[in-house]
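Observations on the model geometry
Read off the chains here:
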Amino acid sequence: MQADFSRRTFDSLKHFSAVLAQQGRVQLDADANEQAAILLHQLRTTVADLLGQSAAPAGAHGFRIDPHQDHAKIADLNISAGRLYVDGLLVENDEATSYWTQPEGYLDQEKDELPETGPFVVYLRVWERLITSLQDPAIREIALGDPGPDTAARAKVVWQVAWCAGQTVDDFETFRKSLNPEPGLLAAQAKHPGDTDACHLPPEARFRGQENQLYRVEVHTGGRGWTDSVPNKGFRHTLHGATFKWSRENASVVFPIVSVSGATVTLGTLGRDSKLDLDVGDWVELLDDAAATRVADDLPAEDRPKSAPALRKVIAIDPADRLVTLDDELDERCGPGSDADLHPFLRRWDHLAPDDSEDGAVPLVENTWIDLEDGVQVRFEAPPRSSAEVAAGQPGTYRRGDYWQIPARTVTGDVEWPRDDDGPRPVPPHGVEYRYAVLGVLDGDGKVTHPPDTFEPLFRPGSNPVAPAPPAETPKKATVIDAPPPAAHPTDPVVFAAEKSAGAATGAKAVSPAPSPTHATGTAGAGGNGSAASVVPARDVATEPDLPDAAVTSPSTAVTSPTATVASPTTTEPSAPQTTPATEPEKPAMTQPTKQPTTQLGDHFTSWLRTVVPGLWSALVAWLVTLGLPASVTEAVSGLGNQVIVPVVLAIVYALLRQLEPRMPPWLTRVLLGSNRPPSYAETGADHHALG
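Residues numbered from 1 in each chain as written. Predicted model: local features only at pLDDT ≥ 70, side-chain atom pairs only at ≥ 80, totals over all residues. Heavy atoms only, no water.

A separate point is the overall build of the chain. Scanning the chain from terminus to terminus reveals 9 helices and 31 strands. Of all 692 residues assigned to the chain, the portion counted as buried reaches 38%. Restricting the contact set of the chain to residue pairs at least 6 apart, pairs at least 24 apart contribute 73%. Put simply, the chain shows about 39,200 Å² of open surface, and 55% of that area lies on carbon and sulfur atoms. (Helix = DSSP H or I, 4+ residues; strand = E, 2+ residues; numbered from the N terminus. Buried < 20%, exposed > 50% of the residue type's maximum accessible area, 1.4 Å probe, protein only. Contact = heavy atoms within 4.5 Å. Areas by Shrake-Rupley, 256 points an atom, 1.4 Å probe, with all protein chains shown as cover.)

Structure below.
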C-alpha cells in the first residue's frame with residue numbers, strides 16, 4: 001500500500017506472536033503495523049483452517065447469484081446481501097446489488113458485458129486497498145487544522161464479482177492459474193556485484209541518499225518480462241513486455257485534483273515542502289476510486305499486453321493558481337478528474353522513463369541490474385522452473401499493480417534486503433495479494449450450481465451453552481422391577497423405630513410420594529449407605545380406572561395401591577385398611593431398607609460402645625507411651641497426660657481404626673471398636689417436625 005511508511009517488517013516465516021513495547025523507547029510506525037499484521041495473520045489463518053477456502057454463514061449467506069434474464073438472455077446477475085469468508089478474509093455485502101451496480105465494480109459496458117447464455121463461471125475477486133484522507137475525509141482530524149496534517153491510513157477490503165468461460169469449478173482453477181502462472185522475482189542492492197573488497201569500494205558503490213527512504217518498485221503494464229535490452233531508437237508501438245515505475249517515498253506523494261481541462265490539472269495543494277512537491281519533469285499518474293479498482297483486471301499472461309493508462313510528464317507549474325500542465329491531453333481511458341465523488345488525485349513517481357515510452361514507464365528487462373538512484377539497483381528474474389513444459393529462457397510473468405518495497409538507510413549505506421551466499425536473494429512481490437472464490441456455475445438453462453459452502457453457528461440465537469436442567473418427570477404407571485435383592489452387609493444402615501412407626505406400622509392409608517428418579521438395578525442412590533429401594537409412584541385411580549387395586553411388589557420393595565400399605569422386603573402382607581379422619585392429611589408411604597430394623601436402645605448403646613472402647617484403647621496407649629519416657633520428661637509434663645496426651649492419642653487412634661475398619665475381620669472390629677455394626681442416624685418424622 002502506498003502510504004508514508006518507514007518500512008515493512010512483518011514476515012510470517014519468523015512466527016512472531018506479538019510486538020512488545022519497551023519503556024523509554026522511540027515508537028515507530030513499523031512496530032504498530034507489524035502488530036496489526038501479526039493479529040490479522042493469526043485470525044485469518046485460523047478462520048481459513050476452520051472454514052476452508054470459502055464459506056458463508058447459514059444465517060447470512062451472502063453473494064448468492066441469481067441470473068436476471070431478458071428474453072432468454074442473461075442481462076444481469078443479482079447478488080444477495082450477507083457475508084462470505086475467502087481464505088479467512090471477511091467479505092461483506094451490506095445490501096443486495098447486481099453485477100452492473102456492485103459498489104466497487106465501476107464496470108465498462110463494452111469490456112465487461114455478460115455472456116447472453118451459459119455456461120460460464122461467476123467468481124469473486126477480493127483484495128485490500130489503501131484508503132487515506134483524500135478518499136475518505138472523515139479520517140482526517142479537523143482539530144489539527146483545516147486543512148491539517150493527515151494521520152493514519154486505512155486498509156479496505158475490496159470485492160468484485162466477475163466471470164470467466166468454463167463449465168466446472170476445475171475450469172475456473174485452470175483460468176486462475178493462467179493469470180500469473182510464473183510470478184517474476186526481484187532482488188535489490190546498493191553495491192555493485194563486483195565490489196566485494198571493502199578496502200577498494202568506489203565512493204558510488206553504496207546508498208548515497210541524504211535521507212532514509214522506502215523505495216517502491218511497481219509493475220505498471222502487466223505481461224512477461226523483457227529478455228533483451230531496450231532498442232536504441234526507442235520502443236514506441238513496439239511494447240512487447242511488462243513495464244515498471246518506482247518511487248522513493250513508497251508512492252505516497254499525492255495531490256487532490258479539483259478539476260481537469262485538457263492537459264491542465266487544477267490541484268488542491270502543491271505539497272508541504274520542496275521534498276514532497278511537484279517539479280517540472282516529474283512523471284505523474286491520474287487516479288480515482290474507479291481507476292484504482294481497475295488495476296485488478298484479470299488478464300491471462302499469454303494475451304498480448306495492452307499498455308496501462310499512460311503516465312504523464314509535468315511540463316509547467318503555476319504555483320499561484322495551483323495549475324499543472326501535462327505533456328499531453330488525457331485520453332478516454334484515463335478519465336479521473338471528471339467526477340469529484342470518485343475522489344480524484346494525482347500521484348508522483350520518481351523514475352526517468354524514455355522520452356518515447358509508450359506508457360510513460362520503464363521496460364522491465366530481466367537478468368540485468370537496473371539503476372534507480374543514489375546507488376540503488378534492482379534486478380528482475382524469472383522464477384525457478386517447476387515444470388518441463390515451460391520453455392527454457394522464457395521470462396516470468398508480472399501482474400499490473402504488483403510491487404516490492406526496498407528500505408534504504410544512510411547509516412549502513414545499504415538497503416535492507418535478504419541475502420544468501422550468492423548475494424541479494426530474489427523474492428516474489430510483496431503485494432497485491434488477490435483471493436478468489438467461485439460463486440456459482442451457470443449452465444445453458446441459467447441454473448446456478450456449485451455455490452459456496454455454508455456453515456452453522458456453534459450456538460443458536462438465544463440458546464444457552466450451559467446444559468439445561470432435566471425436565472420434571474411425569475408420573476408413570478407402576479411397573480415390576482425384576483432385580484435381585486441386594487446382599488446384606490454387616491455395616492448396612494438401620495432405621496430407628498420412629499421411622500417404622502411413621503410407615504407401615506401405623507396402618508394408615510398410604511399415598512405415593514412425588515415422583516423421583518429410580519434405579520432399575522437396585523444400586524445405592526444418593527444419600528444412602530447401602531442399597532436403596534426403587535420408588536415407583538402410585539397410580540391415579542381417577543385416570544387409570546382399569547388397573548386393579550393390588551400391590552405391585554419387587555424383590556426389594558413393595559408398592560401398594562391407595563388402599564394398601566407398603567410392605568417391607570421380607571413380607572408382602574398388607575395391613576388391614578383403616579379409616580382416617582377427613583381433616584387429617586394423608587401421610588406419604590415410606591420405603592423400608594432391606595435390613596431388619598433394631599430398637600432405639602440398641603442404636604444408642606452401639607454408638608456409646610463404639611466411642612468408649614476406642615477411648616479405653618487410647619488411654620492404654622497413652623499410658624504405655626508415658627512409661628517409656630525419661631523421668632525428666634514425665635515430670636515436665638506432669639498433669640498434662642490426661643489433658644493433652646490422651647485426647648491427642650484418642651484422635652489418632654480413633655481415626656486410624658475407622659480407616660482400617662473395612663479391612664478388619666469382624667472379631668477384631670468387636671475387640672477394637674466394641675461392635676462391628678455402625679449405628680444409623682437416619683432422619684425421622686419427629687426430626688422433620690422439630691426442624692420445621
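Having seen the structure, we can now continue with the description.
In the predicted model, the chain carries a mean pLDDT of 75, and 67% of its residues have values of at least 70. Predicted confidence in the chain is weakest over strand 31 (residues 558–559), with a mean pLDDT of 40, and strongest over strand 4 (residues 82–86), with 95. The low-confidence segment residues 230–237 (pLDDT under 50) makes 18 contacts with residues lying over four places distant or belonging to another chain. In the predicted structure, residues 684–692 sits below a pLDDT of 50 and forms 5 contacts with residues beyond four places in sequence or in another chain. (pLDDT = per-residue confidence, 0-100.)

What follows concerns the pairing of strand 13 (residues 254–261). Pairing analysis gives 3 bridges linking strand 13 to strand 18 (residues 345–349), with the strands arranged antiparallel. Bridge pairing in strand 18 places Phe255 opposite Leu346. Counted between consecutive antiparallel strands, the loop separating strand 13 from strand 14 (residues 264–267) contains 2 residues, among which Gly262 sits at a positive phi close to 65°. (Pairing = 2+ DSSP bridges.)

Glancing now at the nonpolar core. It is characteristic of soluble globular proteins that their nonpolar side chains tend to be buried jointly. Val217 and Phe380 are the most contacted members of the largest nonpolar core, which totals 25 residues. Among the elements of the structure, strand 9 (185–189), strand 10 (213–221), strand 12 (243–247), strand 21 (377–381) and strand 23 (403–409) are those that each provide at least two residues to this core. Judged by nonpolar contacts, the second largest core, of 21 residues, contains Ile65, Ile79, Ala437 and Leu439. (Core = buried A, V, L, I, M, F, W, Y, C linked by side-chain atoms within 4.5 Å.)

This structure, assessed with the given rule, holds 14 aromatic pairs. A centroid spacing of 5.9 Å and a plane angle of 50° characterise the contact between Tyr123 and Tyr436, whose relative ring orientation is tilted. Placement of Tyr123 in strand 7 (residues 120–131) and of Tyr436 in strand 27 (residues 435–442) is noted, with a sequence separation of 313 residues between them. This pair shows no difference in class: Tyr123 is buried, exactly as Tyr436 is. Among the aromatic residues, ring-to-ring pairing joins Tyr123, Phe172, Phe175 and Tyr436 into one connected group. (Phe/Tyr/Trp six-rings, centres within 6.5 Å; stacked < 30°, edge-to-face > 60°.)

What follows is about the pattern of salt bridges. Note on pairing: side chains with opposite charge can pair once their charged atoms come close. In this structure the tally under the stated criterion is 19 salt bridges. Taking the shortest distance from any N to any O, the salt bridge between Arg125 and Asp298 comes out at 2.5 Å. With Arg125 in strand 7 and Asp298 in the loop between helix 3 (289–293) and strand 16 (312–318), this residue pair connects regions lying 173 residues apart in the sequence. As far as the burial class goes, Arg125 and Asp298 line up, both buried. One salt bridge in this structure joins Glu433 and Arg435, with 3.6 Å as the shortest N-O distance. What makes Glu433 exposed here is its relative accessible area of 53%. (Salt bridge = Lys/Arg side-chain N within 4 Å of Asp/Glu carboxyl O.)

Let us look at the sheet that holds strand 17 (residues 323–326). The strand order around the closed barrel formed by 6 strands is 13-14-17-16-15-18, and the pairing between neighbours is antiparallel. On average, each strand axis in the sheet is tilted by 50° relative to the strand beside it, whichever way the strands run. Relative to strand 18, strand 15 (residues 283–287) runs antiparallel, the two being bridged by 5 bridges. Counted as the bridge partner of Leu287 is Phe345 from strand 18. (Axes fitted to C-alpha atoms, helices over the stretch in contact; angles between N-to-C directions.)

With that out of the way, let us pick up the sheet that holds strand 8 (residues 154–165). The 4 strands are arranged 8-7-27-28 in an open sheet whose pairing can be described as antiparallel. The sheet is open, and its two edges are formed by strand 8 and strand 28 (448–449), each paired on a single side. Of the strand pairs in this sheet, strand 7 and strand 8 are connected by 12 bridges, and their pairing is antiparallel. Among the inter-strand pairings, Tyr123 is bridged to a residue of strand 8, identified as Ala162. Across the face of the sheet, helix 2 (residues 169–179) comes into contact with strand 7, strand 8 and strand 27 while running at roughly 145° to strand 27.

Attention shifts here to the side chain of Thr132. In this structure, Thr132 sits in the loop between strand 7 and strand 8. On the basis of relative accessible area, Thr132 is assigned to the buried category, the value being 18%. Leave out the neighbours within four places in its chain, and Thr132 touches Ile139 and Ala153.

Compared with the 33 Å implied by 1.5 Å per residue over 23 residues, the 33 Å span of helix 1 (residues 29–51) between its first and last C-alpha is a close match. Among all positions of helix 1, only Ala30, Glu34, Ile38, Arg44 and Val47 are buried. Here the buried face of helix 1 lies against strand 4, strand 5 (89–93), strand 7 and strand 27. (Expected span 1.5 Å × (residues − 1).)

With that settled, consider a nonpolar patch on the surface. Together, Trp617, Leu620, Trp623, Leu624, Trp667 and Val671 make up a nonpolar patch on the protein surface, roughly 630 Å² of accessible area in all. If you list the elements that add at least two residues to the nonpolar patch, you get helix 5 (600–627) and helix 8 (666–673). If you tally residues by element for the nonpolar patch, the top one is helix 5, at 4 residues. You can see Trp623 is positioned in helix 5. A residue is classified by how much of its surface remains accessible, and Trp623, at 49% relative accessible area, is partly exposed. (Patch = residues over 30% accessible without salt bridge, like charges linked within 9 Å, V, L, I, M, F, W, Y side chains within 5 Å.)

Burial runs high along strand 23: 7 of the 7 residues are buried. Residues Tyr403, Gln405, Pro407 and Arg409 line one face of strand 23 and the alternating positions Trp404, Ile406 and Ala408 line the opposite face, and both faces are buried. Of the strand pairs in this sheet, strand 10 and strand 23 are connected by 6 bridges, and their pairing is antiparallel. By the bridge assignment for strand 23, Glu218 is matched with Tyr403. Both strand 23 and strand 24 (residues 414–415) contribute to a ladder of 2 bridges, which runs antiparallel. Within strand 24, the position partnered with Arg409 by the bridge is Asp414. In this antiparallel pair of consecutive strands, strand 23 and strand 24, the connection spans 4 residues, and Gly413 shows a positive phi of 65°.

Glancing now at unusual backbone geometry. Put simply, Gly118 and Pro119 share a cis peptide bond, and its omega is 5°. If you trace the backbone, Pro119 turns up in the loop between strand 6 (97–98) and strand 7. Positive phi outside glycine occurs at Ala72, with the angle close to 65°. Inspection of the secondary structure puts Ala72 in the loop between strand 2 (65–70) and strand 3 (73–79). Not every positive phi belongs to a glycine, and Asn367 is a case in point at roughly 60°. Under the relative-accessibility criterion, Asn367 is labelled partly exposed at 48%.

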